[in-house]
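# Observations on chain architecture
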Amino acid sequence: MTERALRTQRPKPADLLAWYDAHRRDLPWRAKRGRRAEPYHVWLSEIMLQQTTVQAVGRYYRDFLRRWPKVADLAAAPLDEVLAAWAGLGYYARARNLHRAAQVVANELGGRFPQTADGLRALPGIGAYTAGAIAAIAFDAREAAVDANAERVIARLFAIEEPMPKAKVRLRALTQDLVPEKRAGDFAQALMDLGAMLCAPKKPACGECPWAKACVARKRGIAEQLPRKAEKRARPLKRGAAFVARDKTGAVLLIKRPEKGLLGGMLEPPLGPWNAKFPSADNALSQAPFRADWKKCAGIVRHGFTHFELEIEVYAANLPRRPPITGTWVSPDDLGSVALPTVMRKIVAHALTRG
Ligand code: SF4
C-alpha cells in the first residue's frame, strides 16, 4: 500500500468520537460526559493501569482515593502505607515513584500537575505514554496516548507489518497525526475504548467499527495477525528457597527487602539466593535465617517476573519463641494490609496451607 493510498483512506477522528459518545466505557476515573477529568484522578489511574488490566485496577483506585482524596494527602502518607495499599498490583517501583511524584506536585508545584506532556514527563514514573494520556485527558492537550489498545487499532488501521516493539515509534507518529484540534482527551479515550471493546486481539468486531471503511488490515484480511510481535526470547529460570517461620500465636516473620532493586522496600519471608538450581537440603538449611526445625513443604511456588521465571521451595518452622532477628511478625489475618508482593504472598500461603 503506497503512502498516497494511505492518505486517501485517512480515518476521520469525528467518526471515532461519534462512536465514543454512544458507546464509551463507564470507568471509575472517567469524568462525566462533557466534563474535564481531575488531573490527580487521571494520573493515579494511568500509573495503576501500566502493566495491569482495567478490571484489576478498579478496587485499588477507589481504595487510594478513599484514603488519600487529594494529591497532598498521598504526598503526606508514609511510604510503607502506600506500598501496603499497592500490594498485589505488581511492579512496585511504580508505587514508589507515585509517592515521590505526589510529593513533587504537592510540595514543589503548589498542588498542581504540569499541563504539558513535557512537564509531566519530568515527574518520577511518567513516561511518554502516561504523559500523553494525562495531558490529553486532563488538559485536552493535542497529545497522542498510545497504550497497547491504541497500538493495536493503529497497526491494523494502517496495516503496519513491522513487528513490535520496533513499530512503536511509527505507531505513535501515526496516532499523533490523527489527534483532532478539539476533544483530544476524548479522542485518546475513544481510541483506548475501540481497542478494548471492538478491535480485540482475536476476532475484532469490524462490522461495528466506526473506522471499518478506512481500515487497511480489515480490507486485506490480516487484522487478526497485527500487530506482529518479535519472537519472544525464553525467560531464564531462577530457583531458590524461602523460610516461613511462625511464632506460638501463628504470626509470620517478614523482613524488609533492600530499598533499591526488585520489589524494593517490600516485605518478604527470609529467602536464600536465586540461582539456576534449587539448593540441596543441607545447603538450603545453611541459608535459613536462624536454626529451627525447618520442614520442607511439598510442591513449588512459581512466579513470572518480566525478565525471568522464579521457582521457590518453601521451608516452614513453628517456633517455641521468637528469635532475635530484625523483622515484623504479622498475624495471618493482617497479611492483607502489609506491603507483601504477590510472589511473597504465594510463598506464605504455600507454607500456611502445606507447612
Ligand atoms: S475495522 Fe476491525 S481491525 Fe480495523 S480498526 Fe476496526 S475493529 Fe480494528
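All of these numbers come straight from a predicted model, not from anything done at the bench.

Reading the values: rules and limits
- Residues numbered from 1 in each chain as written.
- Predicted model: local features only at pLDDT ≥ 70, side-chain atom pairs only at ≥ 80, totals over all residues.
- Heavy atoms only, no water.
- Near = heavy atom within 4 Å.
- Nonpolar A, V, L, I, M, F, W, Y, C, P; charged D, E, K, R; others polar.
- Axes fitted to C-alpha atoms, helices over the stretch in contact; angles between N-to-C directions.
- Helix = DSSP H or I, 4+ residues; strand = E, 2+ residues; numbered from the N terminus.
- Parallel < 35°, antiparallel > 145°, perpendicular 65-115°, else oblique.
- Left-handed = near helix turned anticlockwise from the far one by under 90°.
- Contact = heavy atoms within 4.5 Å.
- Core = buried A, V, L, I, M, F, W, Y, C linked by side-chain atoms within 4.5 Å.
- Buried < 20%, exposed > 50% of the residue type's maximum accessible area, 1.4 Å probe, protein only.
- Domains from an automatic or database assignment.
- Buried area = accessible area lost by both parts, 1.4 Å probe.
- Salt bridge = Lys/Arg side-chain N within 4 Å of Asp/Glu carboxyl O.
- Polar contact = N/O pair within 3.5 Å; in protein donor to acceptor, adjacent residues only side chain to side chain.
- Patch = residues over 30% accessible without salt bridge, like charges linked within 9 Å, V, L, I, M, F, W, Y side chains within 5 Å.
- Areas by Shrake-Rupley, 256 points an atom, 1.4 Å probe, with all protein chains shown as cover.
- Lys, Arg positive; Asp, Glu negative; His and termini not counted.
- Charge placed at Lys NZ, Arg CZ, Asp CG, Glu CD.

## A short note on the site of the ligand
Taken together, the neighbourhood of the ligand is formed by Arg156, Cys199, Cys206, Cys209, Ala212, Cys215, Arg218 and Ala223. Along the lines of polarity and charge, the residues of the shell around the ligand split into 6 nonpolar, no polar and 2 charged.

## Notes on the packing of helix H3 (residues 39-49) against helix H4 (residues 54-67)
How two helices pack is summed up by the angle between their axes together with the distance between the axes. Look at H3 against H4: their axes get within 10 Å of each other, and the N-to-C directions meet at 135°. Accordingly, the angle class assigned to the pair H3 and H4 is oblique. In the crossing of H3 with H4, the sense of the turn from one axis to the other is right-handed. Contacts from Tyr40, His41, Leu44, Ser45, Met48 and Leu49 in H3 reach Val54, Val57, Tyr60, Tyr61, Phe64 and Leu65 in H4. Partitioning the contact of H3 with H4 into residue classes produces 10 nonpolar, 2 polar and no charged.

## A look at the nonpolar core
Counting 78 residues, the largest nonpolar core has Trp43, Phe64 and Ile347 as the members making the most contacts within it. Per element, the largest residue contribution to this core is 9 residues, and it comes from helix H9 (residues 128-139). Counting contributing residues, this core receives three or more from each of domain 1 (3-225) and domain 2 (237-354). Apart from the residues within four sequence positions on either side, Ile347 is in contact with Ala242, Val244, Pro269, Leu271, Val301, Ile312 and Val314. If you look at the next biggest cluster of nonpolar residues, it comprises 34 residues, including Leu16, Val146, Leu174 and Val179.

## A few points about the domain arrangement of the protein
Domain parsing of the protein yields domain 1 (3-225) and domain 2 (237-354). Using only C-alpha atoms to locate each centre, domain 1 and domain 2 end up separated by 37 Å. Each partner contributes residues to the interface: domain 1 has 8 residues there, and domain 2 has 14 residues. Both sides of the domain 1 and domain 2 interface together cover about 780 Å² of buried area, and 52% of this is carbon and sulfur. Of all residues in domain 1, the largest losses of buried area upon contact with domain 2 belong to Ala84, Tyr92 and Arg96, amounting jointly to 54% of the total for that side. Here domain 1 is connected to domain 2 by 2 salt bridges. Notably, a salt bridge pairs Asp80 with Lys256, separated by 3.3 Å at the nearest N-O pair. At the junction of domain 1 and domain 2, the tally comes to 5 residue pairs in polar contact (both at pLDDT 80 or more). The element that contributes the greatest number of residues to the side of domain 1 that touches domain 2 is helix H6 (residues 79-86), accounting for 3 residues. Split into classes, the residues belonging to the side of domain 1 that touches domain 2 amount to 5 nonpolar, 1 polar and 2 charged.

## Details of a positive patch on the surface
Where like charges cluster on the molecular surface, the positive patch consists of Lys202, Lys203, Lys229 and Lys232. Here Lys229 shows up in the loop between helix H13 (216-220) and strand E1 (237-246). Classification of Lys229 as exposed rests on a relative accessible area of 67%.

## Topic: the environment of Ala128
With respect to the secondary-structure elements, Ala128 resides in helix H9. Through-space distance from the C-alpha of Ala128 to that of Cys209 is 27 Å; in sequence the pair is 81 residues apart.

## Brief notes about the environment of Lys346
Its location among the elements puts Lys346 in helix H15 (residues 342-354). The class of Lys346 is partly exposed, set by a relative accessible area of 33%. Taking the C-alpha atoms as reference points, Lys346 and Val301, separated by 45 residues in sequence, lie 6.8 Å from one another. When residues no more than four places from it in sequence are discounted, the contact partners of Lys346 are Val301, Arg302 and His303.

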